[in-house]
Amino acid sequence: MQNVRITTLAFVITVISVHFPVIASAQADFEGVWNAQHPPRMGQPPPDEVRLTPAGQAEYDNFSFDKDPTLRCLMPGIPLGLVDPYPLEIVQQDHQVLFLYEHFHQVRRIFTDGREAPDHWLPSLIGYSTGHWDGDTLVVRTTHMSPDNNMWTAGFPFSGDENTYVIERYTRDGDMLTFRGEVHDPTYYEEPYVVNGRWSFAPEGEIWEYECIPEFGGIL
């Protein structure tokens, strides 16, 4: 009986020593407040590098700046809302990662518990996001996005068709958090529309009150 107990205990210790470090290293630490440090053009591609379909080109040519939704105090969608100059707070939980944006007080839930986006979910500017960890990189897939979304304030459009989605990858390197976003919209783009961004860790940072007044052009 004693030998059985010793063998069982050794097996438990072996399982703990093998599996616990794997679980612990599967999630990088993104917790805290981050200040935007985006590259020129806020991480958007140069216009001459965006390959639009004929339908996408027609939408782009029909754009005027008064159609910019943020000037009407409508929050930016994905990915436009990812590359704004405002701080971001990240909260990690067992079943989700919360992105709390100062800009428009957006609250974004990225579910990491293996669920899929439900069929009944209505399209919205921020869509429905699910994610998983690929080593230390958080990979996010966002679907159910509204056609009222825009890729950029310059007027690059978004069709909102059922086959559209966005893939984002977030990686931390020291006090820098970087991301790459790919917009898959074959109705309007011949190849994915790619944006990049980065934030610097701000351990003493805060998320402030945000106010948008359309009578003064939206953002104050």
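Everything below is about the structure printed above this text.
This write-up is about the structure you can find in this document. All values reported here derive from a predicted model rather than from experimental measurement. (Residues numbered from 1 in each chain as written. Predicted model: local features only at pLDDT ≥ 70, side-chain atom pairs only at ≥ 80, totals over all residues. Heavy atoms only, no water.)

With respect to the pattern of salt bridges
Thought 1: Considering all chains together, one arrives at six salt bridges under this definition.
Thought 2: Ionic pairing is found between E190 and R51, a salt bridge with its closest N-O pair at 3.0 Å. You can see E190 sitting in the loop between β8 (176-184) and β9 (193-201) and its partner R51 sitting in the loop between β1 (32-36) and α2 (54-61), a full 139 residues away along the chain.
Thought 3: For E190, a relative accessible area of 49% corresponds to the partly exposed category.
Thought 4: The closest approach of N and O atoms between E182 and R180, which form a salt bridge, is 3.3 Å.
Thought 5: Taken together, the shared-partner salt bridges connect R51, E190 and E191 into one network. (Salt bridge = Lys/Arg side-chain N within 4 Å of Asp/Glu carboxyl O. Helix = DSSP H or I, 4+ residues; strand = E, 2+ residues; numbered from the N terminus. Buried < 20%, exposed > 50% of the residue type's maximum accessible area, 1.4 Å probe, protein only.)

Examining the sheet that holds strand β6 (residues 137-143)
Thought 1: Read around the closed barrel, nine strands run β1-β2-β3-β4-β5-β6-β7-β8-β9, paired in mixed fashion. When the angles between neighbouring strand axes are averaged without regard to direction, this sheet yields 30°.
Thought 2: In this structure, strand β3 (residues 96-101) lies alongside strand β4 (residues 107-111), joined through five bridges in antiparallel fashion. In the sheet register, L98 faces β4, and the bridge partner there is R109. (Pairing = 2+ DSSP bridges. Axes fitted to C-alpha atoms, helices over the stretch in contact; angles between N-to-C directions.)

Things to note about the nonpolar core
Thought 1: Counting residues in hydrophobic clusters, the biggest one holds 34 residues, and the most contacted among them are F30, I90, F99, F156, Y170, Y189 and Y193.
Thought 2: Counting residues per element, the ones that place at least two in this core are β2 (88-92), β3, β6, β7 (165-173), β8 and β9. (Core = buried A, V, L, I, M, F, W, Y, C linked by side-chain atoms within 4.5 Å.)

A word on the environment of Q106
Thought 1: With respect to the secondary-structure elements, Q106 resides in the loop between β3 and β4.
Thought 2: In this structure, the C-alpha to C-alpha distance between Q106 and G77, residues 29 residues apart in sequence, is 9.7 Å.
Thought 3: For Q106, the residues in contact, after removing those within four places along its chain, are M75, P76, F99, L100, Y101 and I126. (Contact = heavy atoms within 4.5 Å.)

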